[in-house]
Amino acid sequence: MAPSSQSPLLTDFLTTVNHARANNDPQFLCNCLLLTPHSILQNHLMLSLRSELVPLTPAYIENQCYEILGEEWVSFTDMVIGYCAAYLREVDVEGVAMGSGGVPAMDTWCSELSTLMGQISSAFSSAQGILLLPLVKTAATILSTVAIKIDQITNNPRQPAANDASRIVLRAFNIALGDRTTGNNLGKKEAAFHLANILFKLYFKLDQIRLCPTIHTNLLQSSLPPLLPTHFPKSQHCTYTYYLGRHHLNLSLTSPSSLLPAFTALSTSYSLCPSLCPSQRRLILTYLLPSAILIGKPPTQYLYSRPEAAGLYEIFHPITIHLRSGNFIDFRSEMRRSASWLRQKGLYLLLWRCSEELLWRSLCRMTFTLGNELRAPVNPFNKGLAKTPPPQLNLYSLLHLANFLSTRAHDVLQHAPGAVLFSEHDPFIPTRDAHEEGEYTLDDMEGVVLDLLDQGMIKGYIARQQKVVVLKREGNGFVGVEEARRWKASIGAREGEGAEEG
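Keep in mind the model is a prediction, meaning the values are calculated, not measured.

Novice: Before we go on, may I ask you to explain the overall build of the protein in this structure?
Specialist: For the protein, the helix and strand inventory stands at 26 helices and three strands. Counting all 502 residues of the protein, 48% fall into the buried class. Relative to all contacts within the protein whose residues are 6 or more apart in sequence, the contacts with residues 24 or more apart total 69%. For the protein, the accessible area works out to roughly 24600 Å², and carbon and sulfur atoms hold 54% of it.

Written out as structure tokens, the structure is:
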């Protein structure tokens, strides 16, 4: 019996695939290799082909593939062999699509798709690999989704499926970036941001955010980010800037200078996200709002009134008010009230740690304002008086106010329900030896002021003999938070450039 009469559908399928390759039609080739069980189940020809493949031996299928597709592009032929001899035959499309196969059917699908994705990447790495561009992006998207879903179903803390998927997608990403195509044609690099966004999604799911900088660095070295607005879909630009902002927010836990880049990236992402996608806009807004608050740019009432911001005003607006007033007792209460939601979103530690310097700044300003109101006014008609001295912040006054408020804060915390949530370091309850009775000292206040001077939030110097902070006359020495953040970010950027040159 002739091969074509034994497997007519396989012959037709391979001939169609060969035509797509010969005609250099990437999208048609991607449409030929259906990957999701639902799409296979809804295609009668693919179902018939699957039924025809089941009784055939792998060796026969391999021979047919090489006979029709040839050996000119071996990795491509091997990829099609993997699709026909393994993927179509082994995946329980009915069990996955209908849900009757349970976890075993899903696990088999993920395993076969991982193998196939490896074969697709091998073919993608060849000189003709650009033909597989849509297939690579489609397969990577499906693989990441399936892997995350399986780990959620099995509730495996190690998340093996997502781990394997990240390694497989990373290989495709490196292949895309390694393309040497020049000119206006991006070549395989057209898949770079799509694959990068999938990797970010997997890394955040795996809590391996430390791997994100490598992806960002590789993209920067390839000079692709400047091309985002003009050469890539808006959806990819939106997703990339969202994850870039999330990455900078994570860095802000140890480096507050990353708050401004986080705000900038998340603002871009939010502006690119269409209003027809409220859930995505809400996700972006969830992280944009705290980044705006922490750089001293409080959200407007208009932003809070947007449909996707429903319920966020009640969480973030009180925190904003207490940060600006220096009322850390009420700030703590608001944090405790929203702690569960903030922890779920990964924002609790960010707000808790990055708010410390803002609260101290507000407390210093409150101390200065109170001291300035109590100071005797200068008589403008007394010509014998010396020039008006520069504004000063009395460290003793700051010390007394800090100790008074920290004592109150400790009392509130002791009697507050859910106080266990505040096991993290509290900037307003000093940890001391027993003989010091848990009080701040002048050295502590000097340390606070030095930190604010370093962050650019206060301009002046400490006069240690007089125990005062001599402030700059302009603005009484208190710099706007946003201006200070921008100044600190510029310092960090220059230091980074100097380190690279060295």
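Here the narrative resumes.
Novice: Please clarify how the sheet that holds strand S3 (residues 468-471) should be interpreted in this entry.
Specialist: Within a sheet, neighbouring strands are paired by backbone hydrogen bonds and run either parallel or antiparallel to one another. The three strands are arranged S1-S3-S2 in an open sheet whose pairing can be described as antiparallel. Each edge of the open sheet carries a strand with a single partner, namely strand S1 (392-394) and strand S2 (460-463). Each adjacent strand pair in this sheet contributes to an overall mean axis angle of 20 degrees, direction not counted. Note that S1 and S3 share three bridges and pair antiparallel. Pairing of Asn394 across the sheet is with Val468, part of S3. Along the sheet, helix H25 (residues 442-454) makes contact with S2 and S3, crossing S2 at roughly 160 degrees.

Novice: How do you make sense of unusual backbone geometry when you look at a structure like this?
Specialist: Glycine aside, the phi torsion of most residues is negative, and most peptide linkages are trans. Here the phi dihedral of Asn24 falls at roughly 55 degrees; this positive angle occurs in a residue that is not glycine. Positionally, Asn24 belongs in the loop between helix H2 (8-22) and helix H3 (26-32). Under the relative-accessibility criterion, Asn24 is labelled exposed at 54%. Backbone geometry at Gln159 places phi at a positive 45 degrees, although glycine is not the residue there. Along the chain, the position of Gln159 falls in the loop between helix H10 (133-154) and helix H11 (160-177). Taking relative accessible area as the criterion, Gln159 reaches 16% and is therefore assigned buried.

Novice: Quick question: what am I supposed to make of the side chain of His322 here?
Specialist: Tracing the backbone through its elements, the reader meets His322 in helix H19 (residues 313-325). With near-sequence residues (within four places) excluded, His322 lies in contact with Asn327, Asp330, Phe331, Glu334 and Leu359.

Novice: Explain the nonpolar core to me, please; I cannot follow it from the model alone.
Specialist: Side chains of nonpolar character tend, in soluble globular proteins, to be buried together. Counting residues in each nonpolar core, the largest one holds 158 residues, and the members touching the most others are Phe13, Met79, Tyr83, Leu132, Leu219 and Phe316. It is H10 that provides the largest number of residues to this core, a total of eleven residues. Two domains each provide a minimum of three residues to this core, namely domain 1 (8-232) and domain 2 (355-374 + 389-418 + 429-500). Excluding anything up to four places from it in sequence, Leu132 contacts Leu29, Trp73, Phe76, Met79, Ile120, Ala123 and Phe124.

Novice: Teacher, can you tell me more about the packing of aromatic side chains here?
Specialist: Within a pair of aromatic rings, the relevant descriptors are the distance that separates the centres and the angle that separates the planes. Summed over all chains, the structure comprises 16 aromatic pairs. Between Phe316 and Trp341, the aromatic rings sit 6.0 Å apart at their centres with planes inclined by 75 degrees, giving edge-to-face as the arrangement. Remark: Trp341 occurs in helix H21 (residues 339-344) and Phe316 occurs in helix H19; sequence separation between them is 25 residues. For the ring pair Tyr348 and Trp352, a centre distance of 6.3 Å and an interplane angle of 5 degrees mean the geometry is stacked. Residue Tyr348 and its partner Trp352 are located together in helix H22 (residues 348-354), separated by four residues, close to a single helical turn. We classify Tyr348 as buried; its relative accessible area is 2%. A relative accessible area of 5% places Trp352 in the buried class.

Novice: Sorry, what's going on with the pairing of S2 here?
Specialist: The side chains of a regular strand alternate, first on one face of the sheet and then on the other. Direction of pairing for S2 relative to S3: antiparallel, over a ladder of four bridges. Within S3, the residue paired with Gly460 across the bridge is Leu471. What sits between S2 and S3 in their antiparallel hairpin is a turn of four residues, with Lys467 showing a positive phi close to 60 degrees.

Reading the values: rules and limits
Residues numbered from 1 in each chain as written. Predicted model: local features only at pLDDT ≥ 70, side-chain atom pairs only at ≥ 80, totals over all residues. Heavy atoms only, no water. Helix = DSSP H or I, 4+ residues; strand = E, 2+ residues; numbered from the N terminus. Buried < 20%, exposed > 50% of the residue type's maximum accessible area, 1.4 Å probe, protein only. Contact = heavy atoms within 4.5 Å. Areas by Shrake-Rupley, 256 points an atom, 1.4 Å probe, with all protein chains shown as cover. Pairing = 2+ DSSP bridges. Axes fitted to C-alpha atoms, helices over the stretch in contact; angles between N-to-C directions. Core = buried A, V, L, I, M, F, W, Y, C linked by side-chain atoms within 4.5 Å. Domains from an automatic or database assignment. Phe/Tyr/Trp six-rings, centres within 6.5 Å; stacked < 30°, edge-to-face > 60°.

So, to be careful, I would describe these as geometric facts and stop short of saying anything about function.
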